[in-house]
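# Close look at the chain arrangement
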Amino acid sequence: FSIRGYAELLLEADNITEEQKDFLSIIVDESKNLASLAERTMLLSKLDSGYRIEKKEFHLDEQLERCVLLLDSQLTEKNLSFEFNSQPVKIYGSEELLKEVWTNLLDNAVKYTPYSGKITLSLKKKNDSAIVTVSDTGIGMSQETLSRMYDSFYQANGTPASKGLGLGLALVKKIITLSNGTITCASTPGKGSLFTVTLPLK
């Protein structure tokens, strides 16, 4: 955090060259990546060691809506269309951890979807479960990637994810499992991906 803070302060200086700005921007970006890696690694370690999950009843539809708002600038930057279909659904679970799930899935959808593509998010209630789907018109995944995407630090070569940390989906899988839910993915190279998360209401 100190390194990033100093680099950001230097970026505001008037007497630095464009080349120096480029180097400082790289330092800021890499510092953010390291901080994210540390946070996700610590969270995974906590969950693996029997970390007690605090649960409460909350509106899942409202949480998803807040996560969508955080994506606004990224959607605009890539000219992506976004469709959100939702029913009012209350569930009993960890609001904090489930936010990590939606943030990761939506971030990946944006990352994998090319300019002017489309992302769709839906929430519905079926029997005693809440069903959330996240679909995109992105690059899709191979069978090898599908079989390994929940492995910690796995990154598919030649994709935007190869620049990431390889912990996002591992964390998603762990949280969904601890929430007594399931996650599935259907994907075709060149045609996009569809993630389906099923969670118990109680």
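Above: the structure in question.
Here the structure is a predicted model, which means the values were calculated and not measured.

What follows deals with the nonpolar core. Counting 38 residues, the largest nonpolar core has Leu60, Ile91, Leu98, Trp102 and Leu105 as the members making the most contacts within it. Listing elements by their share of this core, those giving two or more residues are helix H3 (60–69), helix H5 (95–112), strand E4 (118–126), strand E5 (129–136), helix H7 (168–178) and strand E7 (192–200).

A full pass over the atoms with the stated rule returns 1 cavity of 30 Å³ or more. By volume, the largest cavity is sized at about 70 Å³. Around the largest cavity sit Leu105, Asn108, Ala109, Tyr112, Val134, Asp136, Met141, Leu169, Ser193 and Phe195, which together line it. Breaking the lining of the largest cavity down by element, the ones donating at least two residues are H5, E5 and E7. Top contributing element to the lining of the largest cavity by residue count: H5, with 4 residues. Classifying every residue of the lining of the largest cavity by side-chain character gives 7 nonpolar, 2 polar and 1 charged.

Moving on, we come to the sheet that holds E5. In spatial order, the strands read E2-E4-E5-E7-E6; together these 5 strands make up an open sheet with mixed pairing. The sheet terminates laterally at strand E2 (81–86) and strand E6 (182–188), the two strands that pair on one side only. Neighbour-to-neighbour, the strand axes of the sheet open up by a mean angle of 10°, direction not taken into account. Relative to E7, E5 is paired through 7 bridges, and the arrangement is antiparallel. The partner of threonine 133 across the bridge, within E7, is threonine 196. Sitting on the sheet, H7 is in contact with E6 and E7, with an inclination near 140° to E6.

The subject of this paragraph is the packing of aromatic side chains. All chains considered together, the criterion is met by 0 aromatic pairs. Across from the ring centre of tyrosine 150, 5.3 Å away, lies the NZ or CZ of lysine 173, which sits over that ring.

Turning next to the packing of H5 against H7. Where H5 meets H7, the closest approach of the two axes is 9 Å, and the angle between their N-to-C directions is 140°. The orientation of H5 with respect to H7, classified from their angle, is oblique. Relative to H7, the crossing made by H5 is left-handed. Each of Leu97, Leu98, Glu100, Val101, Asn104, Leu105 and Asn108 in H5 lies in contact with H7, whose residues at this interface are Gly168, Leu169, Leu171, Val172, Ile175 and Ile176. Grouping the amino acids of the contact of H5 with H7 by side-chain chemistry returns 9 nonpolar, 3 polar and 1 charged.

Applying the stated criterion across every chain yields a total of 5 salt bridges. A salt bridge links glutamate 95 to arginine 66; the shortest N-O distance between them is 3.2 Å. Of this pair, glutamate 95 sits in helix H5 while arginine 66 sits in helix H3; the two residues are 29 residues apart in sequence, bridging distant segments of the chain. By relative accessible area, which is 42% here, arginine 66 ends up partly exposed. A salt bridge links arginine 148 to aspartate 151, with the nearest nitrogen and oxygen atoms 3.8 Å apart.

So, how was this worked out
Residues numbered from 1 in each chain as written. Predicted model: local features only at pLDDT ≥ 70, side-chain atom pairs only at ≥ 80, totals over all residues. Heavy atoms only, no water. Core = buried A, V, L, I, M, F, W, Y, C linked by side-chain atoms within 4.5 Å. Buried < 20%, exposed > 50% of the residue type's maximum accessible area, 1.4 Å probe, protein only. Helix = DSSP H or I, 4+ residues; strand = E, 2+ residues; numbered from the N terminus. 1 Å grid on protein atoms, 1.4 Å probe; cavity = no way out; pocket = protein on both sides within 12 Å on 5 of 7 lines; lining within 4 Å. Points joined across faces, edges and corners; volume = space filled by probe spheres on them. Nonpolar A, V, L, I, M, F, W, Y, C, P; charged D, E, K, R; others polar. Pairing = 2+ DSSP bridges. Axes fitted to C-alpha atoms, helices over the stretch in contact; angles between N-to-C directions. Contact = heavy atoms within 4.5 Å. Phe/Tyr/Trp six-rings, centres within 6.5 Å; stacked < 30°, edge-to-face > 60°. Lys NZ or Arg CZ within 6 Å of the ring centre and 35° of its normal. Parallel < 35°, antiparallel > 145°, perpendicular 65-115°, else oblique. Left-handed = near helix turned anticlockwise from the far one by under 90°. Salt bridge = Lys/Arg side-chain N within 4 Å of Asp/Glu carboxyl O.

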